[in-house]
Amino acid sequence: MSLPFHLSKKIIRILELTFGICSIGLIVVLWPDASSARDHVQEQSPTVKSLHEYHKEFAASNTSITEQETLQILLAKGIPFEFNPKLYSENSQIQPEQTFQLRFKNNGNLSEPEFNVLKMRLSSVLSSHFSGTVFSEEEITIELNSSNILIMQMSTNVFSVLKSEEELTDFSESLHFLGSLNIRGLQIFIDGTPLGAIMQQKDRFNDLEMLRICGTKCQQTHNAR
Amino acid sequence: MKAISTQKTLHILLLGFILFNFSQCNNSQPAPDSNIEQVVAPPQNPNDPGTLPLFPEPEQTQPPEEQDNEPEVSPELTAPENPESTAPQDQIPEIEQENTEPSINDETSSEEPSTPEPDETSTEPEEPLIKEESTTLLPIDAAPVAARGAYLPAQVSSPLRGKLIALGAGHGYRGRLHSGQNPGKTLQRPWVWRSGNKVLDSRKSNNIADFAVVEDFINSEITHYLNEYLLNAGAKTTLVRELSRQHREIILCPNAEGYSESGPSVFESQNLSAQAGVSCSNNAHYNFVYGNPSTPSTARYSFQVPASGMYPLYFHFRDGIDRAQNIPVSIQHAGGTTRTHIDQSMRSTSSDAYGFPGLRNRVLYLGTFFFKENEPAAVTVSNNFTSDKIVVFDTLRVGGGMDLIPIDGQLTGLEKFKSSAFQYQKFLNRDATVARLSGSFNEDVTTRPHAANYEAADAFISVHNNATGQNVYPYTDSSGRGSMVIYQYGDESTFKPLDKEHRDLGLKMKYRLIDHLREYWDPDWRNFAWGDEGFNGNYGETRVAQVPSALIEVAFFTSPTELLALSNEKFYRTAARGIYQGIAQYFGAGWSPLEVTNVRVTHSENSEIRLEWDTQDFGPQATYFLVQTSKDGLSFDSGRIATTNSATFWNVVPGTLYSFKISAANAHGMSLPSAVVSIKAAASYDRRALIVNGFDRLDSRVNFSSSFDRSGAPVTIKRGNEFSYTPIYAQAIADSMLDWSVDSCDNESVIDGKVELQDYDLIIWYTGRESWADETFSEQEQNLLQDYLASGGNLIVSGSEIGWDLASQQIGNRSANDLFFLENYLRSRYTGDDAGTNQLLPGISVLNKVDAFSLDEGYSGTYQNQYPDYYSPVNGSVCVLEYAIANRCAALWYSGDYKLFSLGFPFEIVNSRAGRASLMSNMLKALEVN
């Protein structure tokens, strides 16, 4: 026995309404998740507070706890935190050594304040490496060229202060700060010769010297077996 | 405008619903357990769409005189578009079913390397493979498939395979004399961090605070992981500086104690051993024999280690034009026997800076294996190959050892890995052409690249960390942040073609490192562009290299933000992986997959064991897996290949403990192994236990100031989390002699619904040192446990930070339910963060048969007991274990609508196996299901 026509239409409309609502809901639920590994990283990290903030929180329940002790607890529990550099700036500045009077030329695109910062920092760094060396003003000149590359000219007299590869490496590493001053590169010349050429000659000399020290052990024709 | 009727609107929505679901059906991946397809789909392009190269479109490189001022790059900074995608099916070895102990003489090998040439591998199949079985079937006791080639499956056919990469972790202890100071040792890059009024200066011994970072050691930590990734990709590595933390060492010299020969025609050479005058006698000579498969001869190096642990194996020898390339080596370790091959042939070098080629003192790394105290072990080298070449029987070294080369006339008394490259090269008995001198002082900087040149490596990578110099204090993030590269690039007068290789290698390494750190560590990781154009002569470490070479400065330890990263082991792994990917790019290789997750092992029907895991959704995909088995959770076999995400084992012996770890792999290499899971079959399955590993934390690094225990003996330095503690629990259950079956899984498997807590009579959930940052129990985990307990389950929880995390009165709770869960379900009231002792008193109440015991102080094989919680009973619990400090409760017991033990310390660090067995046995008896 079939339903009356008007009831059939109502049932059909109810079904259509139900399907329509369900389709909207399913579209919302099934919409693809575009999460990536990057999101994955960010989801897992708790909010990072400063060491100072944690210390204040810890001190609320333990008034005798020091910042150092707070630091050790955070480290022991793997809790990430941010340093507040201001806390360590008071009376903690290492005063730079006496700065040298160096010759600077600015042909690059650093502003005057930026170039002044460069001059100050470079003077401080160079003085720490070459303090005690007596040299004239012309023996170190520093020019920022139009490509923002720093050209450092120094005399053999000055360069000889760097007595070893280790000291040369230390000197070069002390100039890494230039990367945060928008300087694009560094070229060093010793009495007009590129540093690389000077060092290539030294390398060859060292190779021969080490072979000499090695002696017959390095020079004999070996019986492979 | 005619309005659209309601009826038509509903028709449109219905149509849209149908079309949407049709599109979803076409895009969906088959479910992991589907019977349709079990082979992992071909990998995605490793050029992950989420990581864009930071350089503009590659420009044609030009000779220096035509350079413009834009940085020049080599083409293809991105990974190759069509890497090896699937393992060639005809090279997947059959599962061997041998009844006898495999012997290296069973297999013969030609002089030609057994690894496939790239053009021999099959092309990517047009259709995914369909397996009849839904799981890889493996008999539990069959002899494992021995690794072919350099202990990697033959499926690894990456261009990195066989490449020799020289690795240098920068700095290390050197002498002070040539700095004009008093003689003695000094670190090269100790760091100073000022905290309040205290200066944490690592140059003052015994004052290395937790937070002071020593670059000399951090470089070594990162290089350790880089070495692992490269080896897993099929590369060979040669170490400029010792990496192993294993301070114990056994040296087996030719014709000396522990050395024996068998077979004919072994001759003593006129030439001295590679270790003559260093570890061997001044007059030690090596032996040699020609290849002869029909009447093989062997040299056997037999030894016993004084203490159980992981030991690297190194083979020292002198190379030559007549040495063979494919020499069989068999390693008998606690996990069984591993077979591999070594190459003793001379590597050609055009340099005349090291004397005549040939007879160079070389060292090959054979792998790191677990050896048991006083248990016989051996390495056997054979001439079982067909060629007119010889094999040299020289010196085997087991372990990393202490530095026995004096610095400024004095021994350091410290482990070899803490010393500089100069010290290690002297130990390798290399002369001044390698272990360079500056005047009469050792010169470490150029020793590192000279070592790489001497070995004629295919590349030299040096790992460092950065600083902005001592005169820019106070240190702030603005002083310098991010990753930087250093490489040699000459000008008109000094340019060499090799400089372009330095640039290509350096920039690919750096930019892949940055991309990877942004993806997996910090999306804002900085690019420190200083150095991108190279340096001409400034850095001896790169200038002197005659092989493609670059120095990577991973992070700035003068940046407060990056200093934290440099104290975190997860960062070391992430950075190392990024560097490895860059090196792989340089050699035209793809990348190995990421580690598997959701590892679980459960009993299935017919007394079989079902081991399952999941692969990660991102990164290069795995096409097969290496499944390694152990019976003690420490010593693993060489592994067997599984081509699906699960492996079913049969022939299980009831009562036997089995442990597994899995590495994901593809043609480009293997991932690091997963955490270890364990299973024990029982005579019956009336009592089923599940061990859940909730110890994910990996941040703390080793404390380098604590190299020695209180008696002055050096200790083995362990990492923060070795993901190997589940076997300790399973072993304790086995030792209890109670008939419990044991399954195990990681906590993610429970969270993701892969393992149901309700299937078990007992849950043992351990969190180790997991704390607030990683959450001991997340809200989801709490809900799952609450449901389980509400149904009358039994629970043992163990961890040193559960109370501190869930109570977190000092810094707030991660979840609103934390405290409620702790007090109302774990029946524990947090009373204190640090019990302040390693000693526990004899048990009381239901644990009254438990004797006093102690916790590991960091010297006993697991990890250091730090900040163990102490509790007060609440909501019906009682104290059943106390620390040896008055009124500090270490463990609570509750018996009501469910049963529970809540331990405020990690069970796994209970000293002695007997102590753990006693504690576990008594807990199980109290929990016994009627």
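Treat the numbers as computed from the prediction; the structure is a model and nothing was measured.

Novice: It is not clear to me how the overall build of chain A should be interpreted in this structure. Could you clarify?
Specialist: Within chain A, the secondary structure is distributed over nine helices and seven strands. The buried share of chain A, taken over its 225 residues, is 22%. Contacts in chain A between residues far apart in sequence, at least 24 positions, make up 66% of those at least 6 positions apart.

Novice: Please explain the overall build of chain B as it appears in this structure.
Specialist: Along chain B, the regular secondary structure elements total 14 helices and 45 strands. Scored against the burial criterion, the 930 residues of chain B give a buried share of 57%. Expressed as a percentage of contacts within chain B between residues at least 6 apart in sequence, the contacts between residues at least 24 apart total 78%.

Novice: Just checking my understanding: could you explain the sheet that holds strand E8 (residues 236–239) of chain B for this structure?
Specialist: Sheet strands line up and pair through hydrogen bonds in the backbone, either parallel or antiparallel. Residue and element names in this part refer to chain B. Read across the open sheet, the five strands follow the order E8-E3-E24-E26-E25; overall the sheet is mixed. Because the sheet does not close on itself, it has two edges, and the strands there are E8 and strand E25 (484–486). With direction set aside, neighbouring strand axes in the sheet form an average angle of 25 degrees. Pairing analysis gives four bridges linking strand E3 (residues 164–169) to E8, with the strands arranged parallel. Residue Leu167 lies in a different strand from E8, and its bridge partner there is Leu239. Against the sheet, helix H2 (residues 215–232) engages E3, E8, strand E24 (459–466) and strand E26 (549–556), with an angle of about 140 degrees to E24. In the packing of helix H5 (residues 497–520) onto the sheet, the strands contacted are E24, E25 and E26, and the crossing angle to E26 comes to about 25 degrees.

Novice: Whenever I open this one, the pairing of strand E16 (residues 336–342) of chain B confuses me. Can you help?
Specialist: Regular strands have side chains that alternate between both faces of the sheet. Along E16(B), six of the seven residues are buried, which leaves the element largely enclosed by surrounding structure. Hairpin connection of strand E15 (residues 327–333) of chain B to E16(B): two residues between the antiparallel strands.

Novice: Could you clarify how one ought to interpret the packing of helix H3 (residues 51–61) of chain A against helix H4 (residues 67–76) of chain A in this entry?
Specialist: When two helices pack together, their arrangement is captured by the angle between the axes and the distance separating the axes. Residues and elements named next belong to chain A. Remark: H3 packs on H4, axes separated minimally by 9 Å, with the N-to-C direction vectors making an angle of 100 degrees. On the basis of the axis angle, H3 is roughly perpendicular to H4. Contacts from Leu51, Tyr54, His55 and Phe58 in H3 reach Glu67, Thr70, Leu71 and Leu74 in H4. The class makeup of the residues in the contact of H3 with H4 is five nonpolar, two polar and one charged.

Novice: Just to check I follow, could you spell out the confidence of the model for chain A for this structure?
Specialist: Any region with low pLDDT has predicted coordinates that should not be read closely. All names here are of chain A. Mean pLDDT over chain A works out to 76, with 76% of the residues at or above the 70 mark. Across chain A, the element-wise mean pLDDT spans from 42 in helix H2 (residues 37–44) up to 95 in strand E7 (residues 193–194). Predicted confidence is poor over residues 32–45, with pLDDT under 50, and the contacts of this stretch with residues over four places away or in other chains come to 14 contacts. Across residues 85–98, where pLDDT falls below 50, the model places 23 contacts with residues more than four positions away in sequence or in other chains.

Novice: I would appreciate a short explanation of the packing of H2(B) against helix H8 (residues 569–586) of chain B in the present structure.
Specialist: All names here are of chain B. Where H2 contacts H8, the axes come no closer than 8 Å and their chain directions differ by 50 degrees. When the interaxial angle is binned, H2 and H8 end up oblique. Viewed along their axes, H2 and H8 form a crossing whose handedness is right-handed. Touching Glu221, Ile222, Tyr225, Leu226, Tyr229 and Leu230 of H2 are Tyr572, Arg573, Ala575, Ala576, Arg577, Ile579, Tyr580 and Ile583, all from H8.

Novice: In this structure, what is going on with the environment of B:Glu857? I would like to understand it.
Specialist: Residue and element names in this part refer to chain B. Among the secondary structure elements, Glu857 is positioned in the loop between strand E41 (853–854) and strand E42 (870–873). For Glu857, a count of 17 C-beta atoms within 10 Å gives the class partly exposed. It is 9.9 Å that separates the C-alpha atoms of Glu857 and Val910, two residues lying 53 residues apart in sequence. When sequence neighbours within four positions are dropped, the list of residues in contact with Glu857 reads Asn838, Gln864 and Asn865.

Novice: Help me understand the nonpolar core in this model?
Specialist: As a rule of thumb, soluble globular proteins bury nonpolar side chains together. Residues and elements named next belong to chain B. Within the largest apolar cluster, 148 residues are counted, with the highest numbers of intra-cluster contacts made by Leu226, Ile552 and Ile583. For this core, the element with the highest residue contribution is H8, accounting for nine residues. Within the second largest apolar cluster, 103 residues are counted, among which are Trp613, Tyr624, Val742 and Tyr883.

Novice: Explain the sheet that holds strand E5 (residues 149–154) of chain A to me, please; I cannot follow it from the model alone.
Specialist: Residue and element names in this part refer to chain A. The five strands are arranged E3-E4-E5-E6-E7 in an open sheet whose pairing can be described as mixed. At either end of the open sheet lies a strand with only one pairing partner, and these are strand E3 (103–106) and E7. Here strand E6 (residues 185–190) pairs with E7 via two bridges, running antiparallel. What sits directly across from Phe189, in E7, is Pro194.

Novice: Explanation requested: helix H11 (residues 779–790) of chain B in the structure shown.
Specialist: Residue pairs three or four apart in sequence face the same way in an α-helix, which turns once every 3.6 residues. Residues and elements named next belong to chain B. For H11, with 12 residues, the first-to-last C-alpha span of 16 Å sits near the 16 Å given by 1.5 Å per residue. All of the buried residues along H11 are Glu781, Gln782, Leu784, Leu785, Tyr788 and Leu789. Viewed along the axis of H11, the buried residues span an arc of 165 degrees, placing them on a single side of the element. With respect to the buried face of H11, the exposed residues turned more than 90 degrees away are Asp787 and Ala790. Tucked inside the fold, the buried residues of H11 contact helix H10 (747–751), strand E37 (762–768), strand E38 (794–799) and helix H13 (818–824). Positive phi shows up at Gly792, right after H11, with a value of about 90 degrees.

Novice: Looking at this structure, I do not really get the pairing of strand E34 (residues 677–680) of chain B. What am I missing?
Specialist: All names here are of chain B. Neither face of E34 is open: one carries Val677 and Ile679, the other Ser678 and Lys680, and all of them are buried. Pairing geometry for strand E32 (residues 657–666) and E34, over four bridges, is antiparallel. Following the sheet pairing, Ser659 is matched in E34 by Ser678.

Novice: Would you take a moment to explain unusual backbone geometry for this structure?
Specialist: Trans is the prevailing form of peptide bonds, just as negative phi is the prevailing case for residues other than glycine. Residues and elements named next belong to chain B. The phi dihedral of Leu359 is positive, around 60 degrees, even though this residue is not glycine. Secondary-structure assignment places Leu359 in the loop between E16 and strand E17 (361–371). Leu359 gets classed as buried once you count the C-beta atoms within 10 Å, which come to 23.

Novice: For this particular structure, what's the right way to read H8(B)?
Specialist: Residues and elements named next belong to chain B. For H8, with 18 residues, the first-to-last C-alpha span of 26 Å sits near the 26 Å given by 1.5 Å per residue. Along H8, 17 of the 18 residues are buried, which leaves the element largely enclosed by surrounding structure. Two residues or fewer after H8 comes Gly588, characterised by a positive phi angle close to 75 degrees.

Novice: Explain the environment of B:Asn282 to me, please; I cannot follow it from the model alone.
Specialist: All names here are of chain B. Among the secondary structure elements, Asn282 is positioned in the loop between strand E11 (267–272) and strand E12 (285–290). Separated by 209 residues in sequence, Asn282 and Asp491 have C-alpha atoms that sit 47 Å apart. For Asn282, the residues in contact, after removing those within four places along its chain, are Ala276 and Gly277.

Novice: Would you take a moment to explain the confidence of the model for chain B for this structure?
Specialist: All names here are of chain B. Predicted confidence across chain B gives a mean pLDDT of 81, with 77% of residues reaching 70 or more. The model gives residues 22–133 a pLDDT under 50, and that stretch makes 174 contacts with residues more than four places away or in other chains. The low-confidence segment residues 146–150 (pLDDT under 50) makes 21 contacts with residues lying over four places distant or belonging to another chain. Scoring the predicted complex yields pTM 0.83 and, for the interface, ipTM 0.79.

What counts, and where the lines are drawn
Residues numbered from 1 in each chain as written. Chains lettered and ligands numbered in written order. Predicted model: local features only at pLDDT ≥ 70, side-chain atom pairs only at ≥ 80, totals over all residues. Helix = DSSP H or I, 4+ residues; strand = E, 2+ residues; numbered from the N terminus. Buried ≥ 20, exposed ≤ 12 C-beta atoms within 10 Å, placed from the backbone. Contact = placed C-beta atoms within 7 Å. Pairing = 2+ DSSP bridges. Axes fitted to C-alpha atoms, helices over the stretch in contact; angles between N-to-C directions. Parallel < 35°, antiparallel > 145°, perpendicular 65-115°, else oblique. Nonpolar A, V, L, I, M, F, W, Y, C, P; charged D, E, K, R; others polar. pLDDT = per-residue confidence, 0-100. Left-handed = near helix turned anticlockwise from the far one by under 90°. Core = buried A, V, L, I, M, F, W, Y, C linked by C-beta atoms within 7 Å. Expected span 1.5 Å × (residues − 1). Arc of directions from axis to C-beta.

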